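Residues per chain are reported as follows:
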Amino acid sequence: MIYLDYHATTPCDPQVVEAMLPYFTEEFANPSSSTHKAGQKVANAVETAREIVAELIGAQPSEILFTAGATESNNLSILGLTNGIQNGRRRIITTPIEHKAILEPYKQLGKIGYEVATLPISKDGLVNLEIAHELINENTLLVSVQTANNEIGTIQSISELCKIAHDCGAFFHTDAAQAVGKIPINVQELDVDFLSISAHKLYGPKGVGALYLKGGPLSTPLRPLFYGGGQEHSIRPGTYNVPAIVGFGEACKLCNKLMEKETIRITALRNKLENSLISTFSDISINGYVQHRLPGNSNLTFSGIDSEALIANVPELALSAGSACNSGALEPSYVLQAIGLSREKAYQTLRIGIGRFTTESDIEVASKLIIAAVVRLKSLL
Ligand SMILES: Cc1ncc(COP(=O)(O)O)c(C=O)c1O
C-alpha cells in the first residue's frame, strides 16, 4: 500500500513512538501528583513538550494549552469565547471552506441568536480581503479563518485578515491543523488570538493537540467548556494524556528540524506527480491556489472520471475523494463546491496527500497506476 492521504492523518514518526514508550510503563505517574518525585518527573516531561510545541509556532510555553486535538481546540476557542464574553457583539464570521469543527459550533451559535456571516472565497480558495473589510464590523466578536485548507491546500493571508478583525475590536482564531509543521508559522507575526493544532497531522499521535492562547490562560477571555480537576489553569481540566503529549512534543521537535528540507523534497515529489499526470491527460485541472498551497497537497479534477471509480481501480494506493472527515457522506465536497466546482466536477476530484515517508519510487508507481486506471476508465466511457 502506498499511502497518499497525508491530510487525513500522518503516521507517527518512529522517533515519536520511541519517545512515548517510557510514559506507558516506567514513567506512568500522574503529572499532577506533586507529592512524589515520580509525578514531578512526568510533570517536567509535560512542560518540556509544552516548550517544544511553543517553539514551533513562536509562542511562549505559558500560551500553550493541551487539548485532545484540533476539534476540541476549535470548539474551545469559539464556544469558550461566546460563553466568556458578553459585550453585546453578536456577529461571528468564518469561511465556507472551514473544517466541520468550525462550521458546526458556528451553526449551533446561529441557533441561539448569533449572526453568522461567511466570507466569500475566490475560485482559488482565497478569502477576498476587500470583502472581509466590508463584512467585519464593530458588531463582530470573532473571526475564524483556517491557515490552510485540508482539501485544496490553499494558504490564507492570516496576518492581513487578523489585522482587519483587530481594527474592529474583534478576536481572531485560526485553525492551523493542516499548516503547523508543514509551513513556518509564527503567532507573533500573525498576531492571532487563538490558534488550533493537531498532533496527528504532523507525525504525532492521534487524540492530542493544542490551543495557542495569546497572553496565556490566566488572562484569557475563554470560559472552559467543562469543569474538573483544575489542570491547564482550569481552562481545560482532565488528567494529562502524558504519552501523547510527549509524542506531540517530539513530533514538533522533528518538524522544526526537518521542515525546510522536507518542504523542498515534498514539493518536488508533488510537482513530479502532477507533471506526469497532466502531461498524459490534458483535461486534468488543479484545484486551489497553485502558487501558495501546502507542499504535499494535490487536488485534481479528472474530467469525466468518477473519483470513487478511479480509487477503486488503484487498490494499491491510499487516496481520498474528499475530506477524510466527510468520507462516508454521499454529498460531494462542500469545499470544492464553495470554490465553484459543479457537483459533477466535485465527484471527479481526487485529493492526493504527500508526506515525510513518501519516496520517489512511490510517486513513480502511483503515477503509473493512476494513468493506467484513467486510461481503463476512459475506454469505458
Ligand atoms: C483543518 C482541520 N481542522 C480540524 C481537524 C480536526 O482535527 P482533530 O482530528 O485533531 O480533531 C482536521 C482534521 O481532519 C482538519 O484537517
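All figures in this text were calculated on a predicted structure; none of them were measured in a lab.

Caption draft 1: Quick peek at the overall build of the protein chain. What the protein chain contains, in helices and strands, is 12 helices and 12 strands. Against the compact-globule benchmark of 21 Å for 381 residues, the protein chain has a radius of gyration of 21 Å, which places it among compact chains. C-alpha extents for the protein chain along the principal axes are approximately 70 × 55 × 35 Å. Every one of the 381 residues in the protein chain was classed for burial, and the buried ones make up 56%. Put simply, of all contacts in the protein chain between residues at least 6 apart along the chain, 74% involve residues at least 24 apart. Put simply, the protein chain shows about 15900 Å² of open surface, and 55% of that area lies on carbon and sulfur atoms. Here the protein chain carries 31 positive and 38 negative side-chain charges, and the mean point of each set is 2 Å from the other.

Caption draft 2: Spatial organisation of the domain arrangement of the protein chain. Under the domain assignment, the protein chain is made up of domain 1 (2–8 + 259–379) and domain 2 (14–253). The gap between the C-alpha centroids of domain 1 and domain 2 is 28 Å. Contact with domain 2 buries area across many residues of domain 1, yet Met259, Leu294 and Tyr334 alone supply 25% of it, more than any other trio. At the boundary of domain 1 with domain 2, the tally comes to 14 residue pairs in polar contact (both at pLDDT 80 or more). Elements represented by at least two residues in the side of domain 1 that touches domain 2 include exactly helix 8 (242–280), strand 10 (297–302) and helix 10 (334–338). At 4 residues, the largest contribution of residues to the side of domain 1 that touches domain 2 is made by helix 10. Split by residue class, the side of domain 1 that touches domain 2 holds 13 nonpolar, 12 polar and 4 charged.

Caption draft 3: Structural detail: the pattern of salt bridges. Within the structure shown, the criterion is met by 18 salt bridges. Here Lys41 makes a salt bridge to Glu27, at a shortest N to O gap of 2.9 Å. Here the residue Lys41 occupies a position in helix 2 (residues 37–57), and Glu27 occupies one in the loop between helix 1 (14–20) and helix 2, the gap between them amounting to 14 residues. Three or more residues joined by partner-sharing salt bridges are found here, namely Asp13, Glu262 and Arg356.

Caption draft 4: Geometry of the packing of helix 8 against helix 12 (residues 360–379). Two elements in contact, helix 8 and helix 12, have axes whose closest approach is 10 Å; the angle formed by their N-to-C orientations is 20 degrees. Here helix 12 runs roughly parallel to helix 8, going by the angle between their axes. When the axes of helix 8 and helix 12 are compared, the crossing they make is right-handed. Contact residues: Leu269, Lys272, Leu273, Ser276, Leu277 and Thr280 in helix 8; Glu360, Ile363, Glu364, Ser367, Ile370 and Ile371 in helix 12. Residue composition of the contact of helix 8 with helix 12, by class: 6 nonpolar, 3 polar and 3 charged.

Caption draft 5: Structural view of the sheet that holds strand 4 (residues 115–118). Strand order in the open sheet made by the 7 strands is 2-8-7-6-5-3-4, with mixed pairing throughout. Each edge of the open sheet is held by one strand with a lone partner, namely strand 2 (64–67) and strand 4. Between one strand axis and the next, the sheet turns through 20 degrees on average, direction left out of account.

Caption draft 6: Broad picture of the side chain of Ser196. For Ser196, the position within the fold is in strand 7 (residues 194–198). Contact partners of Ser196, with chain neighbours within four places excluded, come to Ala70, Ser73, Asn74, Ser77, His173, Thr174, Asp175, Ala176, Ala177, Ala210 and Leu211.

Caption draft 7: Quick peek at unusual backbone geometry. You will see that Tyr203, though not glycine, has its phi angle at about 70 degrees, which is positive. For Tyr203, the location among the structural elements is in the loop between strand 7 and strand 8 (209–213). Notably, Ser234 is not glycine yet its phi reads approximately 70 degrees, a positive angle. In this structure Ser234 comes out as partly exposed when scored by relative accessible area, which is 36%.

Caption draft 8: Just the packing of aromatic side chains, in detail. The full count for this structure, using the stated rule, is 5 aromatic pairs. Between Tyr203 and Phe357, the aromatic rings sit 5.9 Å apart at their centres with planes inclined by 85 degrees, giving edge-to-face as the arrangement. Taken as a pair, Tyr203 in the loop between strand 7 and strand 8 and Phe357 in the loop between strand 12 (349–353) and helix 12 lie far apart in primary sequence, 154 residues in all. A residue is classified by how much of its surface remains accessible, and Phe357, at 35% relative accessible area, is partly exposed. Here the basic side chain of Arg90 rests over the ring of Tyr114, its NZ or CZ set 4.0 Å away from the ring centre. The positively charged end of Arg356 is found above the aromatic ring belonging to Tyr203, 3.9 Å away from the centroid.

Caption draft 9: Geometry of the site of the ligand. Close to the ligand lie 12 residues, the nearest being Thr71, Asp175, Gln178, Ser198 and Lys201. The separation between an oxygen atom of the ligand and a polar side-chain atom of Thr71 is 2.5 Å. A distance of 2.6 Å separates a nitrogen atom of the ligand from a polar atom in the side chain of Asp175. Looking at the shell around the ligand residue by residue, the classes come out as 3 nonpolar, 7 polar and 2 charged.

Cut-offs and rules
- Residues numbered from 1 in each chain as written.
- Predicted model: local features only at pLDDT ≥ 70, side-chain atom pairs only at ≥ 80, totals over all residues.
- Heavy atoms only, no water.
- Helix = DSSP H or I, 4+ residues; strand = E, 2+ residues; numbered from the N terminus.
- Rg over C-alpha atoms; globule rule 2.2 N^0.38 Å.
- Buried < 20%, exposed > 50% of the residue type's maximum accessible area, 1.4 Å probe, protein only.
- Contact = heavy atoms within 4.5 Å.
- Areas by Shrake-Rupley, 256 points an atom, 1.4 Å probe, with all protein chains shown as cover.
- Lys, Arg positive; Asp, Glu negative; His and termini not counted.
- Charge placed at Lys NZ, Arg CZ, Asp CG, Glu CD.
- Domains from an automatic or database assignment.
- Buried area = accessible area lost by both parts, 1.4 Å probe.
- Polar contact = N/O pair within 3.5 Å; in protein donor to acceptor, adjacent residues only side chain to side chain.
- Nonpolar A, V, L, I, M, F, W, Y, C, P; charged D, E, K, R; others polar.
- Salt bridge = Lys/Arg side-chain N within 4 Å of Asp/Glu carboxyl O.
- Axes fitted to C-alpha atoms, helices over the stretch in contact; angles between N-to-C directions.
- Parallel < 35°, antiparallel > 145°, perpendicular 65-115°, else oblique.
- Left-handed = near helix turned anticlockwise from the far one by under 90°.
- Pairing = 2+ DSSP bridges.
- Phe/Tyr/Trp six-rings, centres within 6.5 Å; stacked < 30°, edge-to-face > 60°.
- Lys NZ or Arg CZ within 6 Å of the ring centre and 35° of its normal.
- Near = heavy atom within 4 Å.

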